[in-house]
Amino acid sequence: MVLLDMSQNSDIFKSPPKALTFDVFGTVVNWRDTVTDRLIQSAEAKASSSATLNPELRTRLSQLTNEDWAQFAEEWRKSYYHFVVTFVPGETEWRDIDTHHYLSLIDLLKIWGVEGLYSDDEVKELSLIWHFLDPWKDSSAGIHALNKKFSTSTLSNGNQSLLKDLQEHGGLGFKMLQSSGDFKAYKPHPSVYKGAAKMMGFKTEEVAMVAAHLGDLKAARGCGMKTIYVERKQEEAWTPGSEEYEDAKIWVDVWVKEDEDGFLEVARRFGID
């Protein structure tokens, strides 16, 4: 029987990495709550001035519940995931994440029957909510603690301006901001992980990837990186009990459960007060 917390026996503690790279969406920041809340608030603001809306749009808006807007947020996120995993460097036309979020929002407003609810300027502004996602409660303190021992960097599919805003908004404290866009590719393409380690001045085996998504960690591991898994609510795509999920318990170097205080627990395991 494999114990979930087998990571305490991992070689990562005998030979720790020199640097940590972090996934951001879902791992560092709580995109789900922030985006859903903003969608609800924006819709409520429009509803309060519904006299300016045509009758069909007013009726449609009145039908949408908070749960519907939560589902809207989920579909927005899924469109992002589909975009990055299907992107082929050198073949797919380059598009940064801000552009994707904007174009995807336009499509979703049509699909959900609320096209015309916002002006184009309002759609652009709403699409930038991804720049101001609130961090998980342990993120800022945990990253600052980990900075005492490691070089830290984002390794996100988000573009640089987005990452800079998230860093400032959340007081995250990363020593370096790296976007997969710096390498004109998107995770899980190997060039992103390898390029990030090189930019930090390390070999891939000297870097650990920190993420709340096992798929991201598996790709990083395939490039030689160590792996630190931090569970976050509703973030894991792999189903517990599935073969790939159970197998991950063997190869993940550090596994932090959802109720173990996230990055602060990672710091504790590496002996950081």
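An unreviewed UniProt entry annotates the chain as Haloacid dehalogenase originating from Cadophora malorum.

S.K.: When you look at the environment of G241 in this model, what are you seeing that I'm missing?
M.R.: For G241, the position within the fold is in the loop between β4 (226-230) and α10 (243-251). For G241, a relative accessible area of 57% translates into the label exposed. Residues G241 and Y193, spaced 48 residues apart in sequence, show a C-alpha to C-alpha distance of 28 Å.

S.K.: Any chance you could explain the pattern of salt bridges here in plain terms?
M.R.: Two side chains carrying opposite charge are able to pair once their charged atoms lie near each other. Inspection of every chain in the model, using the stated rule, returns 13 salt bridges. Taking the shortest distance from any N to any O, the salt bridge between K187 and D23 comes out at 3.0 Å. Residue K187 is located in the loop between α7 (160-170) and α8 (190-200), and its partner D23 is located in the loop between β1 (19-22) and α1 (31-48); the two are separated by 164 residues in the primary sequence. Since its relative accessible area comes to 7%, D23 is described here as buried. Residue E265 is joined to R268 by a salt bridge in which the shortest nitrogen-to-oxygen separation is 2.5 Å. Of the two residues, E265 and R268 both sit in helix α11 (residues 262-269), 3 residues apart, roughly one turn of that helix. On the basis of relative accessible area, E265 is assigned to the buried category, the value being 10%.

S.K.: Before we go on, may I ask you to explain the packing of aromatic side chains in this structure?
M.R.: The geometry of two aromatic rings is summed up by the distance between their centres and the angle between their planes. The tally for this structure, following the rule as stated, stands at 17 aromatic pairs. Ring geometry for F25 against W130: centres 5.8 Å apart, planes inclined by 75°, an arrangement best described as edge-to-face. On the criterion of sequence distance, the pair formed by F25 in the loop between β1 and α1 and W130 in the loop between α5 (120-127) and α6 (139-146) is long-range, its members being 105 residues apart. Comparing F25 with W130 shows no difference in burial state: the two are buried. Here F72 and W112 contribute two aromatic rings whose centre-to-centre distance is 5.6 Å and whose plane-to-plane angle is 55°, an arrangement assigned as tilted. Of this pair, F72 sits in helix α3 (residues 66-86) while W112 is found in the loop between α4 (97-111) and α5, placing the two residues 40 residues apart along the sequence. Given a relative accessible area of 11%, W112 falls into the buried group. Over the face of the ring belonging to W94 we find K184, whose NZ or CZ atom lies 5.1 Å from the ring centre. Positioned above the aromatic ring of F263, the side-chain terminus of R232 is 4.8 Å from the ring centre.

S.K.: Help me out: how do you make sense of unusual backbone geometry in this one?
M.R.: Along the chain, K187 connects to P188 via a cis peptide bond; the corresponding omega equals 15°. Tracing the sequence through the fold places P188 in the loop between α7 and α8. One non-glycine residue, K184, lies in the positive phi region at around 50°. Mapping K184 onto the fold places it in the loop between α7 and α8. Judged by its relative accessible area of 48%, K184 falls in the partly exposed class.

S.K.: In this structure, what is going on with the sheet that holds strand β3 (residues 207-211)? I would like to understand it.
M.R.: The strands that make up a sheet are held in pairs by hydrogen bonds between backbone atoms, and each pair lies either parallel or antiparallel. In space, the 5 strands of this open sheet follow the order β2-β1-β3-β4-β5, with parallel pairing throughout. Edge positions in the open sheet fall to β2 (151-154) and β5 (254-256), since each of these has one partner strand only. Direction aside, the axes of adjacent strands within the sheet are offset by 20° on average. Across 4 bridges, β3 lies against β4 in parallel orientation. Bridge pairing in β4 links A211 to Y229. With respect to the sheet, helix α9 (residues 214-222) is in contact with β3, β4 and β5, its orientation differing from that of β3 by roughly 165°.

Definitions and cut-offs
Residues numbered from 1 in each chain as written. Predicted model: local features only at pLDDT ≥ 70, side-chain atom pairs only at ≥ 80, totals over all residues. Heavy atoms only, no water. Helix = DSSP H or I, 4+ residues; strand = E, 2+ residues; numbered from the N terminus. Buried < 20%, exposed > 50% of the residue type's maximum accessible area, 1.4 Å probe, protein only. Salt bridge = Lys/Arg side-chain N within 4 Å of Asp/Glu carboxyl O. Phe/Tyr/Trp six-rings, centres within 6.5 Å; stacked < 30°, edge-to-face > 60°. Lys NZ or Arg CZ within 6 Å of the ring centre and 35° of its normal. Pairing = 2+ DSSP bridges. Axes fitted to C-alpha atoms, helices over the stretch in contact; angles between N-to-C directions. Contact = heavy atoms within 4.5 Å.

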